[in-house]
Amino acid sequence: MEKTLEKNIVKGGGFLFNHPHFSEIFIPEEFNDEQKMMAKATQDFIDKEVFPFVERIDALEEGLMPSIMTKAGELGLLGVCIPEQYGGLGMSFNTGMLIADIVASTGSFTTAFGAHTGIGTLPILYYGDETQKEKYLPKLSSGEWKACYCLTEPDSGSDANAAKTKAILSEDQQHYLITGQKMWISNAGFADLFIVFAKIEDDKNLTAFIVEKSFGGITMNDEERKMGIKGSSTRQVFFNDTKVPVENMLSNRQNGFKIAVNILNIGRIKLGCGVINACKQIANQSTQYANDRKQFGVSISSFGAIKQKLSQMAAKTFGIESASYRAGQNIDDQVDVLIAQGHPEHEAKLQGVEQFAIEAAIIKVHGSDVLNEIADQGVQVYGGMGFSEEAPMARAYRDARIAKIYEGTNEINRMLLVGMIVKKITKGEFNLKDELDFFNTGMIHKDTFDAAPLSKEYKAIKNLKKATLMVTSKALEIYGAKINEEQEVLINISEMVIETYVAESTLLRTLKLIDQSGATSAGLFINLTKLYLFDAVRKSKNAGYEALACMIDDEAHLDSLLKVMDRLTAYNHLNTSRLSRDIADEMILQNKFPYTLYS
Amino acid sequence: MKILVCITHVPDTTSKISFVDQDTVFDKTGVQFIIGPYDDYALARAVELKEQLGGSIMALNVGLAETEPTIRKALAIGADEAIRINAEPKDAFFVAHQIAQVVKGGDYDLILMGRESIDFNGGQVHGMVGELLGIPSVSPVMHLDIEGNIAKLSREIEGGKELLEVALPIVAGCQEPIAEWKIPNMRGIMSARSKPLNVLDPFEDEQKTVVENFVMPAAKSGIKMIDADNVGELVDLLKNEAKVF
């Protein structure tokens, strides 16, 4: 009972102001047998139905992608989070994250799947009325219909509310006539259903509509020629007096911008989580290649420089995985609380995600960054072969890049997440002063629990939080309400926030594993945690230095703060080559990523 | 049509294999377990036959509680219920004896299993079950159709293929391409938790074999590349090092 109450009070962004106990977080090792079986079935599906066809998918072979989507629907993959009364499985948010994680390794299919199950389906699930849900959700859940999401226009990307697409009420007031141009529309080429954002007459804000392809008046440009995810259908879509019945308006007039933002919130956490299996696959392939490839008479996996890359792949993947499922469970717990308080389910789900919008943005930014770093290292492990289309790394590298751009660029998300923290501080939701009182009390932290054998790491993370809050507080002191104009500073602060959250997630996961099975069997995870943290501290220190130097011209003042930063980021006594060799040796021995969660 | 599908709980094919207790016990630490791949084909064909002819599928496993996730997977794929004989599968005869006892109480038309497990790969259980029950046993079965009371099947034999017609009931040890293995769908996975999984105590039996110890196969030696002009050296290596003639 006590534990439930503790869980209930977790707040979005609260991790910076509290020091949670490991028992309060969820770790992926705790997925039940049913969820693990779903993960394995998803892996089997992509092994059987996607991987053998990647080249044909990338060549945009007519009908191939929609046929794979239909098969995914038959297997139930498209309706995991749709309630059972609308033809879905009614599983938890974190189960949906798990499926997104596994699908992640499929490049173009990942995008088609994500666009359909996320931004294509969720607007109806969360904002549709009963008639709309009953009419459309079973078709989307089964894969009979495929969906896409039409928000972006040539002149409105990140500034979504600047869209020019118009909706005019017909004279008989039975239809809206939608006219406008949308671009970068994933799944457009085969979609049966379009979620379209348009402004009714001279409204200030957007309104969302459910548009069936059969309504007519829809034309498209050819497929875009893209750098990566070449097999994902991406087209410009033109609506030319498309006749949409008034009952197909989603939610209320001018509520479209809110819908767009909230749906992207959900989309982005799944997108961040939806890199994990791609990272694991690159690590698997890189390990196998490094074991097979002989130079100077030995496998290149025996070289420290290669071991360093393999171990970094493992540590970074471990990081995003730990953070994703921690946040996913926070959302599920929040949803349960809201439902228990009497909120309707769809509202509870929306508010649950909204509460953790900071974590959602962290996971989107970090997941996409990590995937790109790992893909880059994968190419490097493959050497010359990494640059050849004959090996899998070229595709992995190209396919990874878009994740930093779509569903809110990483820059927008970085500023957004710091903006949200600042807002919570200024609204009094979090008390910055209490947290920073350590300046006056000599920076000595009382341990809140015994974190042996990671007590040094536990302290380092507590100090990282202090460092992050110190820089944030300084920025607020200097810029006040104008902090949003200081993008460079915000981006540096976001780096500290992200690294703190992810490092803490790895630490808490490992402490929980130690608690469950002892330090000896958690040895690999202890190493992964330390290696991740070492990097996180270095990155945070650099970001903190840069932010402070951008803000403060007075050298003496700056020096005193940099000294504080040095003390708060003093996690230096670590032999990273020994750590990385230990981790990589396990990978080399197993010839793959060093641990398996779902078989 | 009443079908019994016997499934094994075996290490994933990519597992690292090692032994403990003076090499007498397989070390399960960190090993992921799966349904035996050949059993998977047998189960897939059972599901197809049930769709075609109606009836029911019982999955059977001889193993301790740790095998239940594997059994649930069989239920997710399409078995209607399952039995777990609560015992460590000591050897082929022990397992065959357990299966035979279950069949005696169950009136099954078809007893399907993989042609062999992929852990000990004995390939003996189907033959023993047939013998213990006094019914035909065929392996490795690559096609299986049922017409009335007759099983029409084909199996691989030395240098060819044998077509057989056998009156039911029979035991069949299956392999591909008898059916395409099935991925459990999400709804099947969810419904598996509510399907009955009955745990039975083992039927008494004497242990006929004892494992003295396991030995790992020698590591593969590297590939030697011989220049195409140097046939003499190749012949010498084949004769004196590889000893192929």
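In this text the structure is predicted, and so the values were computed from the model without any measurement.

Overview of the overall build of chain B
Reasoning step 1: A tally of helices and strands in chain B yields six helices and 13 strands.
Reasoning step 2: Viewed in the frame of its principal axes, chain B has a C-alpha envelope of about 65 × 45 × 40 Å.
Reasoning step 3: Taking all 245 residues of chain B together, the buried fraction comes to 42%.
Reasoning step 4: Accessible surface, chain B: about 13,000 Å² in total, of which carbon and sulfur atoms supply 51%.
Reasoning step 5: Separation between the mean location of the 23 positive side-chain charges and that of the 37 negative ones in chain B comes to 5 Å.

Points about the packing of helix H11 (residues 304–340) of chain A against helix H13 (residues 357–382) of chain A
Residue and element names in this part refer to chain A.
Reasoning step 1: Put simply, H11 and H13 touch, their axes get as near as 10 Å, and they point 160° apart. Comparing the axis directions of H11 and H13 gives the class roughly antiparallel. Once H11 is placed against H13, the crossing between them reads as left-handed. Across the interface between the two elements, Ile-306, Lys-309, Met-313, Lys-316, Thr-317, Ile-320, Ala-323, Ser-324 and Ala-327 of H11 pack against Glu-359, Ile-363, His-366, Gly-367, Val-370, Glu-373, Ile-374, Gln-377, Gly-378, Gln-380 and Val-381 of H13.
Reasoning step 2: By residue class, the composition of the contact of H11 with H13 is nine nonpolar, seven polar and four charged.

Overview of the interface of chain A and chain B
Reasoning step 1: With 22 residues of chain A at the interface, the matching set in chain B holds 17 residues.
Reasoning step 2: On the chain A side of the contact with chain B, Glu-34, Met-37 and Lys-48 of chain A bury the most area, a combined 31% of that side's loss.
Reasoning step 3: Linking chain A with chain B are three salt bridges.
Reasoning step 4: Ionic pairing is found between Lys-48 of chain A and Glu-180 of chain B, a salt bridge with its closest N-O pair at 3.2 Å.
Reasoning step 5: Here chain A and chain B share seven residue pairs in polar contact (both at pLDDT 80 or more) between them.

Topic: the packing of aromatic side chains
Residues and elements named next belong to chain A.
Reasoning step 1: All chains considered together, the criterion is met by 20 aromatic pairs over all chains.
Reasoning step 2: Their ring planes at 70° and their centres at 6.4 Å tell us that Phe-296 and Phe-303 sit as a pair that is edge-to-face.
Reasoning step 3: We classify Phe-296 as exposed; its relative accessible area is 78%.
Reasoning step 4: Take Phe-303: its relative accessible area is 29%, and that puts it in the partly exposed class.

Considerations on the pattern of salt bridges
Reasoning step 1: As enumerated under the stated definition, the model contains 46 salt bridges over all chains in all.
Reasoning step 2: The shortest N-O distance in the salt bridge between Lys-539 of chain A and Asp-535 of chain A comes to 3.8 Å. Here Lys-539 of chain A and its partner Asp-535 of chain A are both found in helix H20 (residues 523–551), four residues apart, which amounts to about one turn of the helix.
Reasoning step 3: Judged by its relative accessible area of 24%, Lys-539 of chain A is partly exposed.
Reasoning step 4: Using a relative accessible area of 12% as the deciding quantity, one classes Asp-535 of chain A as buried.
Reasoning step 5: Across the pair Arg-155 of chain B and Glu-162 of chain B runs a salt bridge whose closest N-O atoms are separated by 2.6 Å.
Reasoning step 6: The exposure class assigned to Arg-155 of chain B is partly exposed, which follows from its relative accessible area of 23%.
Reasoning step 7: Through salt bridges with shared partners, a single network forms among Lys-316, Glu-373, Glu-499, Asp-535, Arg-538 and Lys-539 of chain A.

Thoughts on the domain arrangement of chain A
Residue and element names in this part refer to chain A.
Reasoning step 1: Partitioning chain A into domains gives domain 1 (19–146), domain 2 (149–256), domain 3 (258–410) and domain 4 (429–590).
Reasoning step 2: On a C-alpha basis, the centroid separation for the pair domain 1 and domain 2 is 23 Å.
Reasoning step 3: Facing the 23 residues of domain 1 at the interface are 23 residues of domain 2.
Reasoning step 4: Together domain 1 and domain 2 conceal approximately 2,000 Å² of surface at their shared face, both sides included; 66% is due to carbon and sulfur atoms.
Reasoning step 5: The salt bridge involving Lys-135 is made with Glu-212; its shortest N-O contact spans 3.3 Å.
Reasoning step 6: At the junction of domain 1 and domain 2, the tally comes to ten residue pairs in polar contact (both at pLDDT 80 or more).
Reasoning step 7: Taken together, the elements giving at least two residues each to the side of domain 1 that touches domain 2 come down to helix H3 (54–58), helix H4 (64–75), helix H6 (108–120), helix H7 (122–127) and helix H8 (130–142).
Reasoning step 8: When residues of the side of domain 1 that touches domain 2 are assigned to their parent elements, the largest contribution, seven residues, is made by H6.

A short note on H13 of chain A
Reasoning step 1: Taking 1.5 Å of rise per residue, 26 residues should cover 38 Å, and H13 of chain A covers 37 Å from first to last C-alpha, within 8% of that figure.
Reasoning step 2: Directly after H13 of chain A, the chain includes Gly-383 of chain A, whose backbone phi takes a positive value near 60°.

As for unusual backbone geometry
Reasoning step 1: Each neighbour pair has its own omega, and for Ala-452 of chain A with Pro-453 of chain A the value is 0°, a cis peptide bond.
Reasoning step 2: With respect to the secondary-structure elements, Pro-453 of chain A resides in the loop between helix H17 (438–441) and helix H18 (455–479).
Reasoning step 3: In this structure, the amide linkage connecting Leu-168 of chain B to the following residue, Pro-169 of chain B, adopts the cis form with an omega of 0°.
Reasoning step 4: Although it is not a glycine, Gln-254 of chain A adopts a positive phi angle of roughly 70°.
Reasoning step 5: Position of Gln-254 of chain A among the secondary structure elements: in the loop between strand S8 (249–250) and helix H9 (256–273).
Reasoning step 6: Exposure remark for Gln-254 of chain A: the relative accessible area of 31% places this residue in the partly exposed category.

Thresholds, definitions, all that
- Residues numbered from 1 in each chain as written.
- Chains lettered and ligands numbered in written order.
- Predicted model: local features only at pLDDT ≥ 70, side-chain atom pairs only at ≥ 80, totals over all residues.
- Heavy atoms only, no water.
- Helix = DSSP H or I, 4+ residues; strand = E, 2+ residues; numbered from the N terminus.
- Buried < 20%, exposed > 50% of the residue type's maximum accessible area, 1.4 Å probe, protein only.
- Areas by Shrake-Rupley, 256 points an atom, 1.4 Å probe, with all protein chains shown as cover.
- Lys, Arg positive; Asp, Glu negative; His and termini not counted.
- Charge placed at Lys NZ, Arg CZ, Asp CG, Glu CD.
- Axes fitted to C-alpha atoms, helices over the stretch in contact; angles between N-to-C directions.
- Parallel < 35°, antiparallel > 145°, perpendicular 65-115°, else oblique.
- Left-handed = near helix turned anticlockwise from the far one by under 90°.
- Contact = heavy atoms within 4.5 Å.
- Nonpolar A, V, L, I, M, F, W, Y, C, P; charged D, E, K, R; others polar.
- Buried area = accessible area lost by both parts, 1.4 Å probe.
- Salt bridge = Lys/Arg side-chain N within 4 Å of Asp/Glu carboxyl O.
- Polar contact = N/O pair within 3.5 Å; in protein donor to acceptor, adjacent residues only side chain to side chain.
- Phe/Tyr/Trp six-rings, centres within 6.5 Å; stacked < 30°, edge-to-face > 60°.
- Domains from an automatic or database assignment.
- Expected span 1.5 Å × (residues − 1).

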